[in-house]
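Tertiary structure, described
One-letter residues, chain by chain:
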Amino acid sequence: MKIKLIFSCLIMFSMVGYSQFVTQYPDIPRIDVHTHTNNNYQGIRNYLALRKAMLSDNKIDLAMLINLNGEQAIDTILEVSQGRITTCINDYEPQRGLAHKPEEMSSSLGKGYVGYKIWHGPSSRVLKEGEGGIKYFDNPAHEPVLTAMEKAGMPGASIHIADPNGPFGNRGKWATDPVEYWRQVIGLERVLQRHPGLVIIAAHCAWLICQDAQIDFLRYMLSAYPNFYVDLAATFQYFYLVDHANLRDFLIEYSDRIVYGTDIGSIRRQEEIPAYIERYSRTFRILETDQMVEGGFFGMNPVKGLNLPKDVLERIYYKNAMKLYPGLVDKMNKLGYFQD
Ligand SMILES: [Zn+2]
C-alpha cells in the first residue's frame, strides 16, 4: 500500500514537474512558424487559452503562430486569434500541379499572406500507385510560380520535400529508401541554385537532422545558399539520433538561419490544453536547459537538453521569423513586441 502511494506520488510529481517548467527567459517572445490551426475557431480560442495559461504558469510567451492551412479565412483567423495567428497560401497536392498561379504571388502578399506553404513530401503519400504526377519539388512545371515568388518576395513557407531518414538499422517508418530521400534533397538544392533570390524556409530542417552527416550537409546548404532557412517543427523527437555536441554546435553556428516551429494541429477540445502545454514545454526545456527531457513535441525518446545561449534562443524563437515573413514586424508591433 505504502509503495503504491509513493509510486503514485512520484507519477504525480513528475507530471506536475513538466507543466510547471518555468522558463529562465520570460522576456523572449516565441513565434511558432509551423502550425496547422486551420480555420477552426474553437481551436483558435483554445490556443488563446493555452497561451494565457503558459504565460501565467510557465512565464512562456507564445506570441504568434503562423498557420499553414485555412487560407480562405485569413482575415477571420487573424481577428478570432486577436492578431496572434497569421496565415499562408498553401498547397498540399503540388504533385497534381500547383494550385496557385504566378500572378497571385504579389497579390497574395498584398492581402496579408506571409508565405506559400508547399507540401512536396514523398509523392507516394499523395499519388495513388500508377498515377502520373510531379514527383519532385525540382520540376519544370513549378518554375513559373517559383520565379514569380522570387520576384514578388513571397517566401516558401515550411516547404516539405522529404521525410525523416534515420541511420542504417534505424531508418524509421517514414523514409525507408535513402536513395529516393537524397533525390528529393538534391532536387531542393537545384531549385535553390536556379532561384538565388527566393527565400525558402524548409520544414523540419529539410529532414537533414536525423544523422550526423546529414547535419554536415545542412551546414553546406546553409553556407552555400544565403536565402535558405530551416524550421525545427517535429524534429525534437529525432534529436536523440545525433551527437549532442554536434547538434548544439550546429544550432549555435547557424542560429540566424533557424526558426522555431512545432507542427501543432488544431487544439480541438479544451481538455487537451494541459497536454499541449506539456508538449510545448518539452521543446523549450530541450532548447533552454541541460536537463534530460522525456521526448519532444511528438514522441517520447529521452533527449538531453541543449542549454543554448540567450542570443541564440532570441534568434530562433522570434528575431529570424520577424525578418523573414512579410508583414510580421507590423503584426508583432501591434501586439506590443519589437525586434530589438
Ligand atoms: Zn506540418
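Residue positions are counted from 1 within each chain, in the order its sequence is given. Reporting in this predicted model follows two pLDDT cut-offs: at least 70 for local features of residues, and 80 or more for side-chain atom pairs to be given and counted; totals over whole chains, interfaces and linings ignore these cut-offs and use all residues. With hydrogens and water set aside, each side-chain value is computed from the structure's full complement of heavy atoms.

Looking at the coordination of the zinc ion
Sites may look incomplete because water is not among the atoms; the donors themselves are N, O and S atoms within 2.8 Å of the metal, or within 3.2 Å for Na, K and Ca. Around the zinc ion, the protein contributes the donor atoms His34 (NE2), His36 (NE2) and Asp263 (OD), which lie 2.1 to 2.2 Å from the metal centre. The classification of residues rests on relative accessible area computed with a 1.4 Å probe and restricted to protein chains. Under 20% of the type maximum is buried, over 50% is exposed, and intermediate values are partly exposed. Judged by relative accessible area, His34 falls into the buried class, the value being 1%.

What to know about helix α6 (residues 178–194)
Secondary structure is summarised from DSSP: a helix means a run of H or I of at least four residues, a strand means a run of E of at least two, and numbering begins at the N terminus for each. Multiplying one less than the number of residues by 1.5 Å gives the expected span of a helix. With 17 residues, α6 extends 25 Å between its outermost C-alpha atoms, agreeing within 8% with the 24 Å of an ideal straight helix rising 1.5 Å per residue. Taken together, the buried positions of α6 are occupied by Glu180, Tyr181, Gln184, Val185, Gly187, Leu188, Glu189, Val191 and Leu192. In what follows, residue pairs with any heavy atoms lying within 4.5 Å of each other are defined as contacts. On its buried face, α6 is in contact with α5 (143–152), β7 (200–202), α7 (212–224) and β8 (228–231). Polar contacts, as used here, are pairs of N or O atoms within 3.5 Å; protein pairs need one atom able to donate a hydrogen and one able to accept it. Residues neighboring in sequence count only if both atoms are side-chain atoms. For α6, the N-terminal capping position is held by Asp177, with its side-chain oxygen 3.0 Å away from the main-chain nitrogen of Val179.

Thoughts on the packing of aromatic side chains
Note on ring pairs: Phe, Tyr and Trp rings are taken, using the six-membered ring of Trp, and paired if centres are within 6.5 Å. Classes follow the plane angle, with under 30 degrees stacked, over 60 edge-to-face and the rest tilted. Evaluated as defined, the whole model comprises 15 aromatic pairs. Here Tyr220 and Tyr225 contribute two aromatic rings whose centre-to-centre distance is 6.5 Å and whose plane-to-plane angle is 80 degrees, an arrangement assigned as edge-to-face. Relative accessible area serves as the criterion here: at 38%, Tyr220 is assigned to the partly exposed category. Classification of Tyr225 as buried rests on a relative accessible area of 11%. Ring-pair connections join several aromatic residues into one group, and the members of that group are Phe236, Phe239, Tyr260, Tyr276, Tyr280, Phe284, Phe297, Phe298 and Tyr317. Put simply, a charge is over a ring when the Lys NZ or the Arg CZ is close to the ring centre, within 6 Å, and near the line of the ring normal, within 35 degrees. Just above the ring of Tyr229 sits the side chain of Arg257; from NZ or CZ to the centre is 5.3 Å.

Things to note about the environment of Ala152
Position of Ala152 among the secondary structure elements: in helix α5. Judged by its relative accessible area of 29%, Ala152 is partly exposed. Residue contacts for Ala152: discarding those within four places in its chain leaves Met105, Ser106 and Leu109.

A few points about the nonpolar core
Ranked by internal contacts, the top residues of the largest apolar core, which has 105 residues, are Phe228, Tyr280 and Tyr325. Per element, the largest residue contribution to this core is eight residues, and it comes from helix α10 (residues 310–324). Ignoring anything within four residues of it in the chain, the contact list for Tyr280 reads Asp32, Leu50, Met54, Leu62, Leu65, Tyr260, Thr262, Ile264 and Phe297. Only buried Ala, Val, Leu, Ile, Met, Phe, Trp, Tyr and Cys residues count toward a nonpolar core, and they belong to the same one when joined by side-chain atoms within 4.5 Å.

Focus on the packing of helix α2 (residues 41–58) against helix α9 (residues 273–288)
The interhelical angle for the contact between α2 and α9, taken along N-to-C directions, is 60 degrees, at an axis separation of 10 Å. If you check the angle between α2 and α9, you find them oblique. By crossing handedness, the relation of α2 to α9 is classed as right-handed. Contact with α2, carried on its side by Asn46, Ala49, Leu50, Ala53, Met54 and Asn58, involves Ile273, Tyr276, Ile277, Tyr280 and Ser281 of α9 and no other residues of that element. In the contact of α2 with α9, the residues fall into eight nonpolar, three polar and no charged. Only the stretch in contact is used when fitting a helix axis, every axis being a line fitted to C-alpha atoms; angles between N-to-C directions are given from 0 to 180 degrees. Should an angle fall under 35 degrees it is taken as roughly parallel, and over 145 as roughly antiparallel, whereas 65 to 115 is taken as roughly perpendicular and any remaining angle as oblique. Left-handed describes a crossing in which the near helix is turned anticlockwise from the far one by less than a right angle; the clockwise case is right-handed. Amino acids are sorted into nonpolar (Ala, Val, Leu, Ile, Met, Phe, Trp, Tyr, Cys and Pro), charged (Asp, Glu, Lys and Arg) and polar (every other residue, Gly among them).

Quick look at α2
Between the first and last C-alpha of α2 there are 25 Å, a value that for 18 residues agrees with the 26 Å anticipated at 1.5 Å per step. Those residues of α2 that sit buried are Gly43, Ile44, Asn46, Tyr47, Leu48, Leu50, Arg51, Met54 and Asn58.

Considering the sheet that holds strand β2 (residues 61–67)
Note: two strands are recorded as paired if DSSP finds a minimum of 2 bridges between them. Overall, parallel pairing links the three strands, which are arranged β1-β2-β3 in an open sheet. Strands with a single pairing partner mark the edges of an open sheet, and in this sheet they are β1 (29–35) and β3 (85–87). When the angles between neighbouring strand axes are averaged without regard to direction, this sheet yields 20 degrees.

Notes on the packing of α7 against helix α8 (residues 244–253)
Contact geometry of α7 with α8 gives a least axis separation of 10 Å together with a crossing angle of 10 degrees. For the element pair α7 / α8, the angle class is roughly parallel. At the point where α7 passes α8, the crossing takes the left-handed sense. Residues Asp212, Ile215, Leu218, Arg219 and Leu222 of α7 pack against Asn246, Leu247, Asp249, Phe250 and Glu253 of α8. For the contact of α7 with α8, the class distribution of residues is five nonpolar, one polar and four charged.

Some thoughts on the pattern of salt bridges
Every case where a carboxyl oxygen of Asp or Glu lies within 4 Å of a side-chain nitrogen of Lys or Arg is listed as a salt bridge. A complete count under the given rule lists 17 salt bridges for this structure. Note that Lys310 is salt-bridged to Asp27, the shortest N-O span being 2.7 Å. Separated by 283 residues along the polypeptide, Lys310 in helix α10 and Asp27 in the loop between α1 (2–19) and β1 bring together distant segments of the chain. Judged by relative accessible area, Lys310 falls into the partly exposed class, the value being 32%.

Thoughts on the side chain of Asn246
Looking at where Asn246 falls in the secondary structure, it is placed in helix α8. There is a polar contact of 2.8 Å between the side chain of Asn246 and the side chain of Arg219. Not counting the four nearest positions on each side in its chain, Asn246 is found in contact with Asp212, Ile215 and Arg219.

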